[in-house]
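# Analysis of the macromolecular model
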Amino acid sequence: MSAEAMPTGEPRPFVRNRADGHIIECNGRTAVIYAQTGPSIGASDDYWTVGQLISIQVDNARIVGLIFKVDLPETRWVSGSDQDVHVHVELVGQVNTDTNDKLTFSSGIANYPHMGAIAHRIRATDLATIYTASLKNAVSIGHLSQNASIPALISIESLITRHFAVLGSTGVGKSSAVSLLLRKIIKQRPELRILILDPHNEFASAFPKNAISIDHNTFDMPYWLFKLEEIAEAAFRGRPVIAGQVDALRDLIPMAKEQFANSEQPVAPSLLKRDRDYTSMTADTPAPYRIADLIKLIDERIGQLEGKTDRPVMKALKQRLQALIADPRYRFMFTAPTTMDTMRQTISHIFRIPANDKPICVFQLAGLPSEVVNSVASVLCRMAFDLAVSSDGTLHTLVVCEEAHRYIPANPDAGFLPTRQAIARIAKEGRKYGVYLGVITQRPGELDSTILSQCSTVFAMRLGNERDQEIIRGSITGASQSTVGFLSSIANREASAFGEAVPTPMPMIFEAKAP
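### Digging into the pattern of salt bridges
As enumerated under the stated definition, the model contains 17 salt bridges in all. A salt bridge links Glu90 to Arg29, with the nearest nitrogen and oxygen atoms 3.6 Å apart. With Glu90 in strand 5 (residues 83-97) and Arg29 in the loop between strand 1 (21-26) and strand 2 (30-37), this residue pair connects regions lying 61 residues apart in the sequence. Here Glu90 falls in the buried class, since its relative accessible area comes to 2%.

Here it is, written out as structure tokens:
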């Protein structure tokens, strides 16, 4: 029944007609379509609207364009009359039909549209083809913004093995989107371990069946797992370090480690007379030592410096370490037994070995002293990489960094260098060993661009800051640069996905809740 023939009082159905427009300009990257809209035109009201994909018929192929601007040639609107409109589109690829009538999508364009080529609303079958092309083992994470009946599909394998980023302002649904992605990931890759660095304790309740949660009251991270710079960051409480005290730690920590090693192993009498070789042990070697032995060595050094100017430096270092030990906020560093078994237990618990059906570890950083958060993040990221290397790539781990701009800021002089280095190492070399990175931030403009460039899939949610949008625009290769222009006004849970995990930039809406 037509709209005109419908009984009085019944609403007019929303009809999506496929009215035509015609190409009047093309420069190889963009094109302009002349079309008409108004009461005598059969098209629905939303036919030529920004953000829609359209088709342009060229021979046996259909060129796909993304509408990024619509205007009137005469810049004058006459109500109740037909209007001429100019529709500006960015060319993103083409849909081809092979001899078996199978549809395929290519991001390249073989033949550009000629003047007068017909443009119209894209077919649903073409739309589905565009966003499923070349995807293997794809999973749905929502639906397309343009057509809710077509699922938004991504390749989980490409998503994790080439790193990914979720970017968006506060309150747009980043945490929900990340939780959804992680559920899809562990369903597809149940052997993968996931470590979430959670500075706001947002993810603890997101995985009731698949995760353990660790906070400052429920974990031990022995101080001897910290490298020299990391223990110095904790000891100096984030303030500038004093070179003389750090040099002393560099000299004395290996001695304390050697003392512990000798006390734990039976030593033949002939070896007792031999001078100990401390060159094989450094302050960064992940070997246990007793903090009491370190303080005793400092006392011995103070005795050797009687009357010398370096003595106050050593006394200050001793007091600094004693204050650190006495501070109840740092209890997690000093309560665990000093044994190699402690390290094994710590690593096994954090990195879920065995997983026991809970492959996710949510590491809550909110309760830790702010001065030590960077050091703890550095230790965790370094351990994730070292664990992957030592397992010869058999243990795969995904490290998810919430508020990543805290750890890897754009300013090279800001942040904590060891944390930046640990995360950068995962980003640049992790694929070879099976350790992957997920970056989450509301401030991509403050994030190290080198790290972001290593994230081959990006989900860009609403971002109002122009600097942030420019960062995203620089991350998009090829067509669909105009999608960045929509980021300031898209809805909650909506995103523009682009990169390795999707065939072409994909405006989409995340599922409200994972199944």
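### Quick word on helix 12 (residues 417-433)
Residues spaced three or four apart along an α-helix point in a common direction, a consequence of the helix completing one turn every 3.6 residues. In this model helix 12 runs 23 Å from its N-terminal to its C-terminal C-alpha over 17 residues, within 8% of the 24 Å that 1.5 Å per residue would give. In the structure, helix 12 departs most strongly from a straight axis at Ala427, where the bend amounts to approximately 50°. Listed as buried for helix 12 are Pro418, Thr419, Arg420, Ala422, Ile423, Ala424, Ile426, Ala427 and Gly430. Among the structural elements, helix 4 (228-235), helix 11 (370-390), strand 14 (397-401), strand 15 (435-441) and helix 13 (449-453) are those in contact with the buried residues of helix 12. Phi for Gly434, located one or two positions after helix 12, is positive at around 90°.

### A word on unusual backbone geometry
Here the amide bond leading from Ile353 into Pro354 is cis, since omega sits at -5°, within 30 degrees of zero. Tracing the backbone shows Pro354 in the loop between helix 10 (340-350) and strand 13 (360-364). Phi is positive for Asn201, which is not a glycine, with a value near 55°. Here Asn201 shows up in the loop between strand 11 (193-198) and strand 12 (211-214). Judged by its relative accessible area of 32%, Asn201 is partly exposed.

### Comments concerning the packing of helix 4 against helix 11
Running from amino to carboxyl end, helix 4 crosses helix 11 at an angle of 160°, the nearest separation of the two axes being 8 Å. On the basis of their axis angle, the class for helix 4 and helix 11 is roughly antiparallel. Judged by the twist between their axes, the crossing of helix 4 over helix 11 is left-handed. Here helix 4 contributes Glu230, Glu233 and Ala234 to the contact with helix 11, which in turn contributes Glu371, Val372, Asn374, Ser375, Ser378, Val379 and Arg382. Considered class by class, the residues forming the contact of helix 4 with helix 11 number three nonpolar, three polar and four charged.

### A word on the packing of helix 11 against helix 12
Relative to each other, helix 11 and helix 12 sit at 20°, their axes nearing to 9 Å. In terms of axis orientation, helix 11 runs roughly parallel to helix 12. Two packed elements cross with a definite hand, and for helix 11 against helix 12 that hand is left-handed. Contacts from Asn374, Ala377, Ser378, Cys381, Arg382, Phe385, Asp386, Ala388 and Val389 in helix 11 reach Pro418, Thr419, Ala422, Ile423, Arg425, Ile426, Glu429, Gly430 and Tyr433 in helix 12.

### Observations concerning the packing of aromatic side chains
Taken as a whole and assessed by the stated rule, the structure comprises six aromatic pairs. Ring geometry for Phe219 and Phe363: centres 4.8 Å apart, planes at 70°, overall edge-to-face. Residue Phe219 is located in the loop between strand 12 and helix 4, and its partner Phe363 is located in strand 13; the two are separated by 144 residues in the primary sequence. For the pair shown, Phe219 and Phe363 are each scored as buried. With 5.2 Å between their ring centres and 75° between their planes, Tyr223 and Tyr289 make a pair best called edge-to-face. Residue Tyr223 is found in the loop between strand 12 and helix 4, and its partner Tyr289 is found in the loop between helix 6 (269-272) and helix 7 (291-304); the two are separated by 66 residues along the sequence. Each member of the pair, Tyr223 as well as Tyr289, is classed as buried.

### Things to note about the pairing of strand 18 (residues 506-510)
Burial of strand 18 is extensive: four of the five residues sit out of reach of the surface. Direction of pairing for strand 8 (residues 138-144) relative to strand 18: antiparallel, over a ladder of three bridges. In the sheet register, Gly142 faces strand 18, and the bridge partner there is Phe510. Counting the residues in the hairpin turn of strand 17 (residues 494-499) and strand 18 gives six residues.

### What to know about the environment of Phe351
By the element assignment, Phe351 lies in the loop between helix 10 and strand 13. Taking the relative accessible area as the measure of exposure, Phe351 reaches 2% and is therefore buried. Each C-alpha atom of the pair Phe351 and Leu395 lies 9.6 Å from the other, and the pair is 44 residues apart in sequence. Among residues more than four places away in sequence, those in contact with Phe351 are Arg193, Leu195, Leu380, Met383, Ala384, Leu387 and Thr397.

Definitions and cut-offs
Residues numbered from 1 in each chain as written. Predicted model: local features only at pLDDT ≥ 70, side-chain atom pairs only at ≥ 80, totals over all residues. Heavy atoms only, no water. Salt bridge = Lys/Arg side-chain N within 4 Å of Asp/Glu carboxyl O. Helix = DSSP H or I, 4+ residues; strand = E, 2+ residues; numbered from the N terminus. Buried < 20%, exposed > 50% of the residue type's maximum accessible area, 1.4 Å probe, protein only. Expected span 1.5 Å × (residues − 1). Bend = angle between axes of the 7 residues up to and from the residue. Contact = heavy atoms within 4.5 Å. Axes fitted to C-alpha atoms, helices over the stretch in contact; angles between N-to-C directions. Parallel < 35°, antiparallel > 145°, perpendicular 65-115°, else oblique. Left-handed = near helix turned anticlockwise from the far one by under 90°. Nonpolar A, V, L, I, M, F, W, Y, C, P; charged D, E, K, R; others polar. Phe/Tyr/Trp six-rings, centres within 6.5 Å; stacked < 30°, edge-to-face > 60°. Pairing = 2+ DSSP bridges.

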